[in-house]
Amino acid sequence: AQSVTQPDIHITVSEGASLELRCNYSYGATPYLFWYVQSPGQGLQLLLKYFSGDTLVQGIKGFEAEFKRSQSSFNLRKPSVHWSDAAEYFCAVGAQNYGQNFVFGPGTRLSVLP
Amino acid sequence: EAQVTQNPRYLITVTGKKLTVTCSQNMNHEYMSWYRQDPGLGLRQIYYSMNVEVTDKGDVPEGYKVSRKEKRNFPLILESPSPNQTSLYFCASSSTRDRAALGNYGYTFGSGTRLTVV
């Protein structure tokens, strides 16, 4: 079974600073990897996803993530954070079978200082 | 607009009083799922459904029931709610037909239902 860890429960950055949110996964085969964002009081929105190919994937809102198989990681990055990026971010891994059972990490809450 | 609609958004109920949270999607998705979200635990899958009349347990199914009589609807039923079921619930759907193309693989989430059981 797959599992996901997000080591940082809460991160605070200043507006304009760079951001990296960490995600480590455990899965026996090549995983499907996702990052979702949840703004306060909202549902989850897909930021980006990795299936295969180029290990650096671009997403919406200026986010990108890099898949590193050797480190079992899929860290999310943004070069310059905006105040509107304050939200909770979830990493998820999906198995490559028909069940499509996504396993989510516990989430990282991002606060942005003006 | 393609969406997953959950109702109600907020619900306060008493222990033992049966309730149903509805979920409907208009994207003709085969796969639907229910998650609960609790602080520090992320999202945990309750039940999922691969298609009409096909449902299976997720990671935390105890105390919940589901049904999938129609493709678009996937209600979550709490026969006898207890305070430990106080949580934020999300319904999600996904297409399996596009899985090979990978283009649409991924969930569309509803806006959530915040349930409080007192």
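Higher on the page you've got the structure.
To keep things clear, this report deals only with the structure shown in the data block. (Residues numbered from 1 in each chain as written. Chains lettered and ligands numbered in written order. Predicted model: local features only at pLDDT ≥ 70, side-chain atom pairs only at ≥ 80, totals over all residues. Heavy atoms only, no water.)

The computed volume of the largest pocket comes to approximately 560 Å³. Lining of the largest pocket is provided by 28 residues; of these, A:Q38, A:E88, B:Q37, B:L88 and B:R114 occupy positions nearest its centre. The volume enclosed by the second largest pocket comes to roughly 330 Å³. If you trace the second largest pocket, you find 18 residues lining it, with A:G43, A:L44, A:Q45, B:F109 and B:G110 closest to the centre. Among the elements that line the lining of the second largest pocket, the one with the most residues is strand β6 (residues 44-50) of chain A, at three residues. (1 Å grid on protein atoms, 1.4 Å probe; cavity = no way out; pocket = protein on both sides within 12 Å on 5 of 7 lines; lining within 4 Å. Points joined across faces, edges and corners; volume = space filled by probe spheres on them. Helix = DSSP H or I, 4+ residues; strand = E, 2+ residues; numbered from the N terminus.)

Once that is clear, we can look at the environment of A:V4. Residue and element names in this part refer to chain A. Position of V4 relative to the elements: it lies in strand β1 (residues 3-5). Taking C-alpha positions, V4 is 24 Å from G41, a pair spaced 37 residues apart along the chain. Discounting chain neighbours no more than four positions away, the residues touching V4 are C23, N24, Y25, C91, A92, V93, V103, F104, G105 and P106. (Contact = heavy atoms within 4.5 Å.)

The next thing to look at is the environment of A:V103. Residue and element names in this part refer to chain A. When you line up the elements, V103 lands in strand β11 (residues 102-104). Separated by twelve residues in sequence, V103 and C91 have C-alpha atoms that sit 8.5 Å apart. In this view, V103 contacts Q2, S3, V4, C91, A92 and V93; residues no more than four positions away in its chain are not counted.

Moving on to unusual backbone geometry. Residue and element names in this part refer to chain B. Residues N7 and P8 are joined by a peptide bond in cis, for which omega reads -5°. Tracing the sequence through the fold places P8 in the loop between β1 (4-7) and β2 (10-13). Non-glycine residue N28 carries a positive phi angle of around 60°. Of note in the backbone geometry, E53 takes a positive phi value of approximately 65° without being a glycine. The residue E53 is located in the loop between β5 (42-51) and β6 (54-57) in this model.

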